[in-house]
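Chain residues, written in single-letter form:
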Amino acid sequence: MAREGRQRGFWPLAIVFGLFVLFLYGPVITIFVLSFQGPEGGLTFPMRGWSLHWYAELWKGLGVVDIGAALRRSLWLGLVVMVLTVLLSLLAGLAFRKKLAGGEALFYVTVASLIMPSIIVSLGIGLQFRLIDGGVKWLLESIGADEALEGFTTTLGMFSSGLGAHLTWTLPFGLLIMFAVFNRFNPAYEEAARDQGATPWQTFRHVVLPLIGPSVVGIGMFGFTLSWDEIARSSQAVGDLNTLPLELQGLTTTVTTPAIYALGTVTTLVSLLVIALALASAAWLRRRRPA
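Conventions used here
Residues numbered from 1 in each chain as written. Predicted model: local features only at pLDDT ≥ 70, side-chain atom pairs only at ≥ 80, totals over all residues. Heavy atoms only, no water. Helix = DSSP H or I, 4+ residues; strand = E, 2+ residues; numbered from the N terminus. Rg over C-alpha atoms; globule rule 2.2 N^0.38 Å. Buried < 20%, exposed > 50% of the residue type's maximum accessible area, 1.4 Å probe, protein only. Contact = heavy atoms within 4.5 Å. Lys, Arg positive; Asp, Glu negative; His and termini not counted. Charge placed at Lys NZ, Arg CZ, Asp CG, Glu CD. Phe/Tyr/Trp six-rings, centres within 6.5 Å; stacked < 30°, edge-to-face > 60°. Salt bridge = Lys/Arg side-chain N within 4 Å of Asp/Glu carboxyl O. Patch = residues over 30% accessible without salt bridge, like charges linked within 9 Å, V, L, I, M, F, W, Y side chains within 5 Å. Areas by Shrake-Rupley, 256 points an atom, 1.4 Å probe, with all protein chains shown as cover. Axes fitted to C-alpha atoms, helices over the stretch in contact; angles between N-to-C directions. Parallel < 35°, antiparallel > 145°, perpendicular 65-115°, else oblique. Left-handed = near helix turned anticlockwise from the far one by under 90°. Core = buried A, V, L, I, M, F, W, Y, C linked by side-chain atoms within 4.5 Å.

K.L.:
A description of the overall build of the protein chain should follow, citing residues and the corresponding values.
P.N.:
Looking only at helices and strands, one finds 11 helices and 0 strands in the protein chain. Reading the protein chain from its N end, one meets helices and strands in the order α-α-α-α-α-α-α-α-α-α-α. In terms of overall dimensions, the protein chain is more spread out than a globule: its C-alpha atoms have a radius of gyration of 24 Å, far above the 19 Å expected for 291 residues. Dimensions of the protein chain, computed from C-alpha atoms along their principal axes, come out at roughly 90 × 70 × 35 Å. Burial statistics for the protein chain: of 291 residues in total, 35% are counted as buried. Pairs at least 24 apart in sequence give 72% of the contacts found in the protein chain among residues at least 6 apart. The averaged location of the 17 negative side-chain charges in the protein chain is 16 Å from the averaged location of its 20 positive side-chain charges.

K.L.:
Go over the packing of aromatic side chains, please, and point to the residues and values.
P.N.:
Overall, the coordinates contain 12 aromatic pairs when judged by the stated rule. Measuring from ring centre to ring centre gives 5.3 Å for F107 and Y108, while their planes differ by 65 degrees; the resulting arrangement is edge-to-face. We classify Y108 as exposed; its relative accessible area is 52%. Considering the side-chain rings of F107 and F179, the 5.4 Å spacing of their centres and the 45 degrees angle between planes classify their relative orientation as tilted. Pair noted here: F107 is in helix α4 (residues 103-111) and F179 is in helix α7 (residues 161-183), with a separation of 72 residues, a long-range link. Here a set of aromatic residues connected by ring pairs shows up, and it is made of F96, F107, Y108 and F179.

K.L.:
Please set out the pattern of salt bridges residue by residue, giving values where relevant.
P.N.:
Enumeration over the complete set of coordinates arrives at 1 salt bridge. The closest approach of N and O atoms between R97 and E190, which form a salt bridge, is 2.7 Å. You can see R97 sitting in the loop between α3 (67-95) and α4 and its partner E190 sitting in helix α8 (residues 188-195), a full 93 residues away along the chain. Judged by its relative accessible area of 11%, E190 falls in the buried class.

K.L.:
So, unusual backbone geometry: which residues are in play, and what are the values?
P.N.:
Looking along the chain, the bond that leaves F45 and enters P46 is cis, with omega of 5 degrees. Mapped onto the fold, P46 is located in the loop between α1 (10-34) and α2 (53-60).

K.L.:
Please provide a residue-by-residue account of the environment of G93, values included.
P.N.:
Tracing the chain through its elements places G93 in helix α3. Taking the C-alpha atoms as reference, G93 lies 5.5 Å from F179; in sequence the two are 86 residues apart. In this structure, G93 is in contact with M178, F179 and F182, ignoring residues within four places of it in sequence.

K.L.:
Help me get a handle on a negative patch on the surface, residues and values and all.
P.N.:
On the surface, a cluster of negative charge is contributed by E141, D146, E147 and E150. Of the residues forming the negative patch, the biggest block, 3 residues, is contributed by helix α6 (residues 146-151).

K.L.:
Give me the packing of α7 against helix α9 (residues 200-228): which residues, what numbers.
P.N.:
Contact geometry of α7 with α9 gives a least axis separation of 9 Å together with a crossing angle of 160 degrees. Between α7 and α9, the crossing angle belongs to the class labelled roughly antiparallel. Regarding α7 and α9, the two cross each other, and that crossing is right-handed. Facing H166, W169, T170, F173, G174, I177, M178, V181 and F182 of α7, the residues of α9 in contact are V208, I212, S215, V216, I219, F222, G223, L226 and S227.

K.L.:
Which residues make up the environment of W59, and what values go with them?
P.N.:
Take W59: it is sitting in helix α2. Using a relative accessible area of 79% as the deciding quantity, one classes W59 as exposed.

K.L.:
Please give an account of a nonpolar patch on the surface that cites residues and values.
P.N.:
A surface patch of nonpolar side chains, amounting to about 600 Å² of accessible area, comprises F17, F20, V21, L24, Y25 and I29. If you trace the backbone, I29 turns up in helix α1. Looking at I29, the relative accessible area reads 52%, which means it is exposed.

K.L.:
An account of the packing of helix α10 (residues 244-251) against helix α11 (residues 259-288) is needed here, citing residue identities and associated values.
P.N.:
α11 packs onto α10 with a crossing angle of 160 degrees between their chain directions and a minimal axis gap of 11 Å. Considering their axes alone, α10 and α11 lie roughly antiparallel with respect to each other. With respect to the hand of their crossing, α10 and α11 are arranged in left-handed fashion. Counting all contacts with α10, which are made through L244, L248 and L251, the residues of α11 involved are I260, L263 and T267.

K.L.:
Tell me about the nonpolar core, and please be specific about residues and values.
P.N.:
One finds L58, L62, I67, L244, L251 and L263 to be the most contacted residues of the largest nonpolar core, which totals 23 residues. Counting only elements with at least two residues in this core, the list comes to α2, α3, α9, α10 and α11. Examining the composition of this core, we find that 8 residues originate from one element, α11, more than from any other. Not counting residues up to four positions away in its chain, the partners in contact with L244 are I67, A70, L71, S74, W228, L263 and T267. L90, V181, V216 and I219 belong to the second largest nonpolar core, which has 11 residues in total.

Given below as structure tokens:
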């Protein structure tokens, strides 16, 4: 039987798709390759040897910037954002399975942060916490806590305003995923568990959670990766200590060696590692899912 030929529109669409993939991943591949320049290499092609020299330079530090500290800050912030995004999205998904008074308005208010410009959200959060600073100083002055007033600087910080700014970005994604999951969830499984004498907690742990487990892992992956590379919402809201993306953005104007590419490669590999772990966890949960 002769092989059926391609339709006339296949190759134009294939070319467009190929160009899209090249546009999407070409810069990442270019940065990855250039990070292995030799000691005499620059920021552009042609390559001048191959080595791990710029990774060693990155390990030593880039000027006054403590890359290791910024990396740890971003990791901790990403992990906290991931846990809170999963927990709050799961609780909201369970709550919204029932009709709630004002639930529709609450949903739209939460999701509205997705359409707000990120820099405006960051500026608003920064302004809000500066107003809180003024209130705290006024309160300390009122009660005569001079020592505490002298030691007070700001309420802006990585795990206060910065955490809130990142949650305004990750929570809407988690909510949308969880609402979609529970929208097609069959309550007959829970009814069968209750008929067998299971308590609400046992029903959730042994029936609901295994079935929605892959989606929960996906929400965690979104929470971490969106926080890990966030710049705009962090710029005005994290206080004095920068996250790794902010440090990377600042270094693009001062570092003129392939060390900046080495740093970009490391941050990309962390994101890919998280995605790989999430996919592996989701696949493992699917295999363990009861029939």
